[in-house]
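Below, each chain spelled out in residue letters.
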Amino acid sequence: MSTDDLDALALLNDPVRRSLYEAVAAGGGDVGRGEAAEAAGVSRTLAGHHLDKLVEAGLLESGFRAPAKKGPGSGRPAKVYRRARGERSVSLPPRDYVTLASVLAGVVDLLGAEEQAEQAARGAGERIGARHAGEPVERVLGERGYEPYEEGGLLRLRNCPFHVLAVEEPLLVCSMNLALCQGLLRGLGEDPGRARLDPRPGECCVALSKTNGD
Amino acid sequence: MHLAQLNLAHLRAPIDSAELAEFVALLEPINAVADAAPGFVWRLKESESDPTATVRHDYGDYLLVNFSVWESLESLWNYVYRSPHLDVLRRRREWFQRMAEPTMVMWWVPEGTIPTLAEAMERLERLKTEGPSPEAFTYKDAYDSSEAANLPAAAEARK
């Protein structure tokens with residue numbers, strides 16, 4: 001754990017900064033100062049001040065969006081914000097599960113045990129689902145860091161909770177993630193077939209059809 | 001610089017067998033995804049008219065060759081793992097044998113250069129015998145294009 005990570009995360013203790021960060025993250029791409037300010041219910045000036053603090057700490061990145069109108073009188077490009085690519089984690093006392101997970105992924109590869117790994121993930125998902133039986137799947141996935149949102153009749157997942165490992169071992173981790181989501185649906189008493197692979201850049205590889213039978 | 005990638009698959013049965021029929025049926029849609037993917041530059045095709053024709057070569061009947069050039073590591077990664085191609089990969093055991101040795105290799109090429117299949121096979125051989133280097137690497141031990149461009153001549157100059 002680095003002091004930088006702790007300092008950066010401590011910035012989010014402020015409720016205004018926290019809601020601005022969440023507004024930008026939920027936007028999924030470039031979010032303007034005005035949009036973020038509105039979502040957080042604060043003035044543009046105050047939003048700008050806090051957003052720039054979040055950029056300084058490396059939690060957000062900023063850029064400029066060209067104005068829709070071109071030519072004279074179209075104004076300056078608008079400043080926009082997006083979630084920074086890097087990830088921060090703090091564990092007290094220090095723990096390092098990522099290294100262990102990476103080693104275990106290597107073992108699965110050595111053994112050619114992908115199917116067993118998927119089976120184990122499905123079982124783990126079922127147990128998680130069973131603990132939340134009757135709750136809406138959006139909430140359960142949201143609490144587990146997937147950041148669900150609706151688009152085109154699908155429930156898409158903005159965030160991959162296993163990102164570091166998914167970059168290292170995409171095939172294994174994405175397959176296990178799908179099995180985990182399917183198990184979770186089963187545990188919740190829903191149709192596991194709602195979860196399927198529908199990968200696109202920058203997001204989780206799984207998407208859920210909205211209701212049974214879709 | 002552009003990124004060249006060679007990827008080999010060892011078929012479980014002849015390409016025209018019933019066992020491989022589902023895979024062959026996926027060739028056209030998945031190749032279309034590749035051709036339309038952001039950052040795609042080139043891939044080795046057996047035929048311009050038949051999208052299901054696999055590359056003919058002298059390296060054995062059961063060897064399937066995928067050989068392509070991309071604008072960046074990220075564009076290739078996004079096609080391989082963040083497109084409908086991922087689901088095909090996930091089913092690879094139905095059609096391909098599990099290999100203990102590396103079957104994929106990447107290296108940087110100057111823009112506009114199309115490498116030969118013989119060179120690609122040599123790069124893979126190099127990865128197998130010498131391990132990853134800027135001249136032959138994998139996702140796990142990737143080198144960026146500047147590292148490749150700086151080596152070996154520029155590395156000598158910096159000493």
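What you see is a predicted model; the values in this text were computed from it and never measured. (Residues numbered from 1 in each chain as written. Chains lettered and ligands numbered in written order. Predicted model: local features only at pLDDT ≥ 70, side-chain atom pairs only at ≥ 80, totals over all residues. Heavy atoms only, no water.)

With respect to the helices and strands, the residue Pro170 of chain A is situated in helix α9 (residues 170–187). The exposure class of Pro170 of chain A is buried, given its relative accessible area of 6%. Through-space distance from the C-alpha of Pro170 of chain A to that of Cys205 of chain A is 9.7 Å; in sequence the pair is 35 residues apart. Leave out the neighbours within four places in its chain, and Pro170 of chain A touches Leu165 and Ser175 of chain A together with Trp77 and Tyr81 of chain B. (Helix = DSSP H or I, 4+ residues; strand = E, 2+ residues; numbered from the N terminus. Buried < 20%, exposed > 50% of the residue type's maximum accessible area, 1.4 Å probe, protein only. Contact = heavy atoms within 4.5 Å.)

We now examine a nonpolar patch on the surface. Together, Leu100, Val103, Leu104, Val107, Leu110 and Leu111 of chain A make up an exposed nonpolar region whose accessible area comes to about 620 Å². With respect to the element layout, Leu111 of chain A can be found in helix α5 (residues 97–111). (Patch = residues over 30% accessible without salt bridge, like charges linked within 9 Å, V, L, I, M, F, W, Y side chains within 5 Å. Areas by Shrake-Rupley, 256 points an atom, 1.4 Å probe, with all protein chains shown as cover. Salt bridge = Lys/Arg side-chain N within 4 Å of Asp/Glu carboxyl O.)

What follows covers the interface of chain A and chain B. Opposite the 22 residues of chain A that make contact, chain B presents 14 residues. With both sides pooled, the region where chain A packs onto chain B buries about 1500 Å², and carbon together with sulfur makes up 58% of that total. Contact with chain B buries area across many residues of chain A, yet Leu171, Leu197 and Pro199 of chain A alone supply 34% of it, more than any other trio. Across the contact surface, chain A and chain B share six salt bridges. One salt bridge in this structure joins Glu114 of chain A and Arg98 of chain B, with 3.9 Å as the shortest N-O distance. Where chain A touches chain B, the interface holds six residue pairs in polar contact (both at pLDDT 80 or more). Those elements that place two or more of their residues in the side of chain A that touches chain B are α5, α6 (114–131), α8 (163–168) and α9 of chain A. (Buried area = accessible area lost by both parts, 1.4 Å probe. Polar contact = N/O pair within 3.5 Å; in protein donor to acceptor, adjacent residues only side chain to side chain.)

This paragraph deals with the pattern of salt bridges. Residue and element names in this part refer to chain A. Under the counting rule described, the total for this entry stands at 32 salt bridges over all chains. Here Arg82 makes a salt bridge to Glu61, at a shortest N to O gap of 3.6 Å. Here Glu61 lies in strand β2 (residues 60–65) and Arg82 lies in strand β3 (residues 78–83), a separation of 21 residues in the sequence. Owing to a relative accessible area of 29%, Arg82 belongs among the partly exposed residues under this scheme. Judged by relative accessible area, Glu61 falls into the partly exposed class, the value being 30%. Through salt bridges that share partners, Glu151, Arg156, Asp198, Arg200 and Glu203 make up one connected network.

Residue and element names in this part refer to chain B. When the pLDDT values of chain B are averaged, the result is 90; 93% of them are 70 or greater. Predicted confidence for residues 153–159 stays below pLDDT 50, and this span has two contacts to residues more than four positions away or in other chains. Quick note on the complex model: pTM equals 0.87, ipTM equals 0.83. (pLDDT = per-residue confidence, 0-100.)

Evaluation of the coordinates by the stated rule reveals 12 aromatic pairs over all chains. Seen in terms of ring centroids, Trp95 of chain B and Phe96 of chain B are 6.3 Å apart; in terms of plane orientation they differ by 70 degrees. Their pairing is edge-to-face. Comparing Trp95 of chain B with Phe96 of chain B shows no difference in burial state: the two are buried. Sitting over the ring of Tyr149 of chain A, Arg158 of chain A keeps its end group 3.9 Å from the ring centre. (Phe/Tyr/Trp six-rings, centres within 6.5 Å; stacked < 30°, edge-to-face > 60°. Lys NZ or Arg CZ within 6 Å of the ring centre and 35° of its normal.)

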